[in-house]
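# Close look at the chain arrangement
Chain residues, written in single-letter form:
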Amino acid sequence: METAALREADLAHVWHPFTPMLEYGREETPIIVGGDGFFLADVEGHRYIDGSSSLWCNIHGHRVPAIDEAIRTQLGRIAHSTLLGLASPPSIELARELCLRVPAGLNHVFYSDDGSTAVEAALKIVYQYHRQRLDRPAPRNVFVSLHAAYHGDTVGAVSVGGIDQFHRRYGGLLFPTIKVPAPIANHAPSGHDAASYPAHCMRELEQTLRRHADQIAGFVIEPLVQAAAGILVHPPGYLSRVRQLTTELGIPLIADEVAVGFGRTGTLFACEQEQVRPDVLCLSKGLTGGYLPLAATLVTSEIYAAFLGEPAEGKTFFHGHTYTGNPLGCAAALASLRLFNDNKVLDNARIVGGLLASRLASLAKHPHVGEVRWKGVMAAIDLVGNREPHEPFAADLRIGHRVALAARDRGVIIRPLGDTIVLMPAPAMPPDLAGRLCDAVFEAIDSVLAE
Ligand SMILES: *Cc1c(COP(=O)(O)O)cnc(C)c1O
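Tallying each qualifying case throughout the model produces 22 salt bridges. One salt-bridge network, held together by shared partners, links Glu206, Arg210, Arg241 and Glu248.

The following block contains the structure:
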């Protein structure tokens, strides 16, 4: 198809996710036809640095020979067979390799396709676990999650979410949850002092968990960084305090590492940084190196054991998705895990993380920058109409969106969250390229603000 015909058919038939389609129709969005390394190429021959890791999932770049080859080899055997009643070598090998790398004790892997399904499975597993556990079965019904949480778009995942713009309108569909405040200083409501707010949140956390301990089915958290909320970085010690309290109160901890896993925070998994072992771990985005949709929900042997029984006992987990454990996805994931070692990807991520930190620090005093935040290779710049007192830009100015368009003109693809500019280089991106990404985005910010 010619470019014009592609655009016309795109607009006529493709409903893009998280996209205001009227505005989309007024703009010429790149049609990506290829990629290599950390670049994307569009139908008109432009090349762009992939500054969002293709929505936070790419790890080693595009068209990586080792991953391409692993998929081709698997394709030469079979593209898909089911895990319902059958097994497959890639799913077996990947499960074993994952269990060796995640915090010790998470020994059982339940496969699905996306982050949302990984979380959805986690919620149902934990809910069922309490009803079947041998020690003290309990009708624990309610999940606890954080304000501004994001765990995916299916109805269960939205129930434990807390981003008004995405979640509020579905209120009537959702099951009730308990929310605890996110320990983020600049989210302090009026009457609170930013400096003491995280400590206040710690107390709220403890009081809420103690008060409702007998009803709480599980505590769901994105460890260290609430990514979709705007790369909100938790203060050190928060995650380990959550683990301490949930352990004491017998509350399963569900760590959603869909965004933060696979090197984004500088370690393979974010939980490692506070020596936390969750009871359930959700993985997806970076699992296949950003190649194919695949997700994994890992659980401890204690949780798994509650599902063991004769068929007639009805303890089975009656849940599963058609493409569960897809062999192509598992083959890509195995190749990606090997590359972490072969290419010392975590060492690179730490170098790139340091570079982002120093480049962002230089923006911190900018009159239209409310705050800059980073953790590992995840970074955010809040653009504001006024810094002190804090005033956002009017939403209809579409500042974040315009910065993304201006960055595109400078050869960079980014995806902002409202007026928060997000930089999400792949953990394996060479530092000089990450520097060019910063240059282009900073220029784009200046050009939009100058208008
Ligand atoms: C992206 C994301 C999800 C949802 O993953 P999908 O693959 O989009 O369904 C869940 N949790 C977190 C933390 C995420 O960032």
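A separate point is the pairing of strand 5 (residues 142–146). Across the five residues that make up strand 5, a large majority, five, are buried. The two faces of strand 5 match: Val142, Val144 and Leu146 on one face and Phe143 and Ser145 on the other face are all buried. As judged from the three bridges shared by strand 5 and strand 7 (residues 216–221), these two strands associate in the parallel manner. The residue of strand 7 that forms the bridge with Val144 is Phe219. For strand 5 and strand 6 (residues 178–180), the ladder comprises three bridges, and the chain directions are parallel. Bridge pairing links Ser145 to Lys179 in strand 6.

Take the packing of aromatic side chains next. Counted by the stated rule, this structure contains seven aromatic pairs. Each ring, one from Phe262 and one from Phe269, has its centre 5.2 Å from the other, and the planes form 70°; the classification is edge-to-face. Both residues of the pair, Phe262 and Phe269, belong to the buried class. Ring centres 5.9 Å apart and planes at 75° place the aromatic pair Phe307 and Phe317 in the edge-to-face group. A residue pair is termed long-range when its members are at least 10 positions apart, and Phe307 in the loop between helix 11 (301–305) and helix 12 (327–342) and Phe317 in the loop between helix 11 and helix 12 qualify at ten residues. Overall, Phe317 belongs to the buried group, its relative accessible area being 15%.

With that settled, consider the confidence of the model for the protein. Per-residue confidence for the protein gives a mean pLDDT of 96, with 100% of residues at or over 70. When mean pLDDT is compared element by element in the protein, strand 10 (residues 253–256) scores highest at 99, while helix 8 (residues 164–167) scores lowest at 82.

So, on to the nonpolar core. Residues Phe219, Phe262, Ile381 and Ile414 are the most contacted members of the largest nonpolar core, which totals 99 residues. Sorting elements by how many residues they give to this core places helix 15 (residues 431–450) first, with ten residues. Each of domain 1 (31–60 + 344–450) and domain 2 (68–342) gives at least three residues to this core. Excluding its chain neighbours within four sequence positions, the residues that come into contact with Ile381 are Leu360, Leu363, Val369, Glu371, Val372, Asp419, Thr420, Ile421, Phe442 and Ile445. Counting 22 residues, the second-largest nonpolar core is a separate cluster that includes Val160, Val258, Val280 and Phe307.

Before going further, it helps to examine the site of the ligand. Within the structure, the ligand sits among Trp56, Asp114, Gly115, Ser116, Tyr150, His151, Gly152, Glu222, Asp256, Val258, Ala259 and Lys285. In this structure, Asp256 approaches the ligand through a side-chain N or O atom, which is 2.7 Å from a nitrogen atom. Lys285 is positioned such that a nitrogen or oxygen atom in its side chain is 2.6 Å from an oxygen atom of the ligand. Here the ligand, which alone exposes 380 Å², has 85% of that area covered by the protein.

Here we take up helix 12. Taking 1.5 Å as the rise per residue, helix 12 with 16 residues should run 22 Å; its terminal C-alpha atoms sit 22 Å apart, in good agreement. Sitting at the amino-terminal end of helix 12 is Asn326, which places a side-chain oxygen 3.1 Å from the backbone nitrogen of Leu328. Just past helix 12, the residue Lys344 takes up positive phi, approximately 50°.

Before going further, it helps to examine a nonpolar patch on the surface. There is a patch of nonpolar side chains on the surface, built from Val155, Tyr170 and Leu173 and spanning about 290 Å² of accessible area. Structurally, the position occupied by Leu173 is in the loop between helix 8 and strand 6. Looking at Leu173, the relative accessible area reads 58%, which means it is exposed.

A few words now on the domain arrangement of the protein. Frequently, the measure chosen for interface size is the accessible area that the parts lose on association. What the domain assignment lists for the protein is domain 1 (31–60 + 344–450) and domain 2 (68–342). On a C-alpha basis, the centres of domain 1 and domain 2 stand 27 Å from each other. Carbon and sulfur atoms make up 64% of the area that domain 1 and domain 2 hide from each other, which totals about 2,200 Å². Remark: the boundary between domain 1 and domain 2 carries 16 residue pairs in polar contact (both at pLDDT 80 or more). Counting only elements with at least two residues in the side of domain 1 that touches domain 2, the list comes to helix 3 (53–56), helix 13 (345–361), strand 13 (369–375), strand 14 (378–383) and strand 16 (420–423).

Reading the values: the criteria
Residues numbered from 1 in each chain as written. Predicted model: local features only at pLDDT ≥ 70, side-chain atom pairs only at ≥ 80, totals over all residues. Heavy atoms only, no water. Salt bridge = Lys/Arg side-chain N within 4 Å of Asp/Glu carboxyl O. Buried < 20%, exposed > 50% of the residue type's maximum accessible area, 1.4 Å probe, protein only. Helix = DSSP H or I, 4+ residues; strand = E, 2+ residues; numbered from the N terminus. Pairing = 2+ DSSP bridges. Phe/Tyr/Trp six-rings, centres within 6.5 Å; stacked < 30°, edge-to-face > 60°. pLDDT = per-residue confidence, 0-100. Core = buried A, V, L, I, M, F, W, Y, C linked by side-chain atoms within 4.5 Å. Domains from an automatic or database assignment. Contact = heavy atoms within 4.5 Å. Near = heavy atom within 4 Å. Polar contact = N/O pair within 3.5 Å; in protein donor to acceptor, adjacent residues only side chain to side chain. Areas by Shrake-Rupley, 256 points an atom, 1.4 Å probe, with all protein chains shown as cover. Expected span 1.5 Å × (residues − 1). Patch = residues over 30% accessible without salt bridge, like charges linked within 9 Å, V, L, I, M, F, W, Y side chains within 5 Å. Buried area = accessible area lost by both parts, 1.4 Å probe.

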